Amino acid sequence: MLLREIKNIFHQELEASYPKEEVGSFFYMLIEHYLDLERFVLVLQPELVLSKEQEQPLFEALAQLKLGRPIQYITGTSTFMELPLLVNEHVLIPRPETEELVQWIIDDVTQLFDPERQKLKILDIGTGSGCIAIALAKNLPNSHVFAIEISKEALKVAKTNADKNQVMIDFFEADILTTDQLDGTFDIIVSNPPYVLEREKEQMHKNVKAYEPKEALFVADETPLLFYEKIADLAADHLNTPGTLYFEINQYLGPETKVLLKERNFLEIEMRKDIFKNNRFLKAIKGPKVRASSEIDSM
């Protein structure tokens, strides 16, 4: 079959569910992934014919796209800050918004520290695919990066991605909600924990709800800040002074998340919007520990 005919079939089958431009993007991503063909191949070879063997993965991918499966899970690949990553249903697909959070950290480190002389310790909590930890290790090569993840399967993906991108990261399997102490102290702690409320599910695209790991996405409506409270408590004890905590947050819970940080004596709390103009990130500096009144009275 002619390659251009297959392209037409993609548009006919998918345009009821996806924008025309996105369908075209799917098609070109797939021919590059499976056939190593560039986007402009049809300009140079408009009559290019594929064999049955070459057609097969394209039509199999088309069937999965019709079911709503994300193309990143179909190809098993994604990118984050121009770094190649492997992904599967055990990890979230990296979002462009999260790249903004990582860039914020890199910019701060570059402005405030001498990367040639100071070796910062950075902890990524809930690393998933490893995208945040790997991007930080790649862009801040003199830093020592640690990463925590509860899922064994996600850790396998993260470790593979670290090897693929030739960075050294210390990975640990742990449930942060049942962790009372961290091993050591850190200059930076960053986390993109589950923050989508159960009641927000209906607003989400079906391919996210059906295919991405629910435990990495959703939190109960009754305890929307469960992970933030726990991580902030750990950060209050295990950040150096001064140390910096960075969060990706639920756009509707920014004020509440700021309050819990203030209650734990974090200072200079700053909220930033993402590329879609939603409140999405928080940064806070660990302040000096405040002694309880009983301690002061006993002096």
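Above this text sits the structure in question.
Residues numbered from 1 in each chain as written. Predicted model: local features only at pLDDT ≥ 70, side-chain atom pairs only at ≥ 80, totals over all residues. Heavy atoms only, no water.

Asker: Pulling in residues and values, what's your account of the packing of aromatic side chains?
Answerer: In this structure the tally under the stated criterion is seven aromatic pairs. An angle of 70° between the planes, with centres 5.3 Å apart, marks the rings of Phe27 and Tyr28 as edge-to-face. Overall, the relative accessible area of 0% leaves Phe27 in the buried class. For the ring pair Tyr228 and Phe247, a centre distance of 4.8 Å and an interplane angle of 75° mean the geometry is edge-to-face. Pair noted here: Tyr228 is in helix H10 (residues 226-238) and Phe247 is in strand E9 (residues 239-248), with a separation of 19 residues, a long-range link. An aromatic cluster is present here, built from Phe10, Phe27 and Tyr28 joined pairwise through their rings. When the ring centre of Phe186 is taken as origin, the NZ or CZ atom of Lys121, which lies over that ring, is 5.2 Å away. (Phe/Tyr/Trp six-rings, centres within 6.5 Å; stacked < 30°, edge-to-face > 60°. Buried < 20%, exposed > 50% of the residue type's maximum accessible area, 1.4 Å probe, protein only. Helix = DSSP H or I, 4+ residues; strand = E, 2+ residues; numbered from the N terminus. Lys NZ or Arg CZ within 6 Å of the ring centre and 35° of its normal.)

Asker: An account of helix H11 (residues 254-263) is needed here, citing residue identities and associated values.
Answerer: Considered for burial, the residues of H11 that qualify are Gly254, Thr257, Leu260 and Leu261. Looking down the long axis of H11, one finds its buried residues gathered within 125° of arc, a one-sided arrangement. What points out from H11, more than 90 degrees from its buried face, is the exposed set Pro255, Lys262 and Glu263. Considering only its buried residues, H11 is in contact with H10, E9, strand E10 (266-273) and strand E11 (279-286). Just past H11, the residue Asn265 takes up positive phi, approximately 70°. (Arc of directions from axis to C-beta. Contact = heavy atoms within 4.5 Å.)

Asker: So what about the nonpolar core? Which residues, and what values?
Answerer: Membership of the largest hydrophobic core comes to 33 residues, with the highest contact counts inside it found for Ile189, Leu245 and Leu261. When residues in this core are grouped by element, the largest group, six residues, is from H10. If we ignore the near neighbours within four places in the chain, the residues touching Ile189 are Leu123, Ile125, Leu182, Ile231, Ala235, Leu239, Thr244, Leu245 and Tyr246. Ile105, Ala137, Phe171 and Phe281 belong to the second largest nonpolar core, which has 32 residues in total. (Core = buried A, V, L, I, M, F, W, Y, C linked by side-chain atoms within 4.5 Å.)

Asker: Requested: an account of the packing of helix H2 (residues 20-35) against helix H4 (residues 52-66), with residues and values cited.
Answerer: In the contact formed by H2 and H4, the axes pass within 10 Å of each other and the chain directions differ by 140°. Between H2 and H4, the angle falls in the class oblique. For the crossing formed where H2 meets H4, the hand is right-handed. Judged by residue contacts, Phe26, Leu30, Ile31, Tyr34 and Leu35 of H2 engage Gln54, Pro57, Leu58, Ala61 and Leu65 from H4. (Axes fitted to C-alpha atoms, helices over the stretch in contact; angles between N-to-C directions. Parallel < 35°, antiparallel > 145°, perpendicular 65-115°, else oblique. Left-handed = near helix turned anticlockwise from the far one by under 90°.)

Asker: Would you mind going over H10 in detail, with residue names and values included?
Answerer: For H10, built from 13 residues, the straight-helix expectation of 18 Å at 1.5 Å per residue is met to within 8% by its first-to-last C-alpha distance of 18 Å. Among the residues of H10, Phe227, Tyr228, Lys230, Ile231, Ala232, Leu234, Ala235 and His238 are the ones counted as buried. (Expected span 1.5 Å × (residues − 1).)

Asker: Which residues make up unusual backbone geometry, and what values do they have?
Answerer: Cis rather than trans, the peptide bond between Thr241 and Pro242 has omega equal to -5°. Along the polypeptide, Pro242 turns up in strand E9. The backbone of Asp36 shows a phi angle near 60°, a positive value even though the residue is not glycine. Here Asp36 is to be found in the loop between H2 and helix H3 (41-44).

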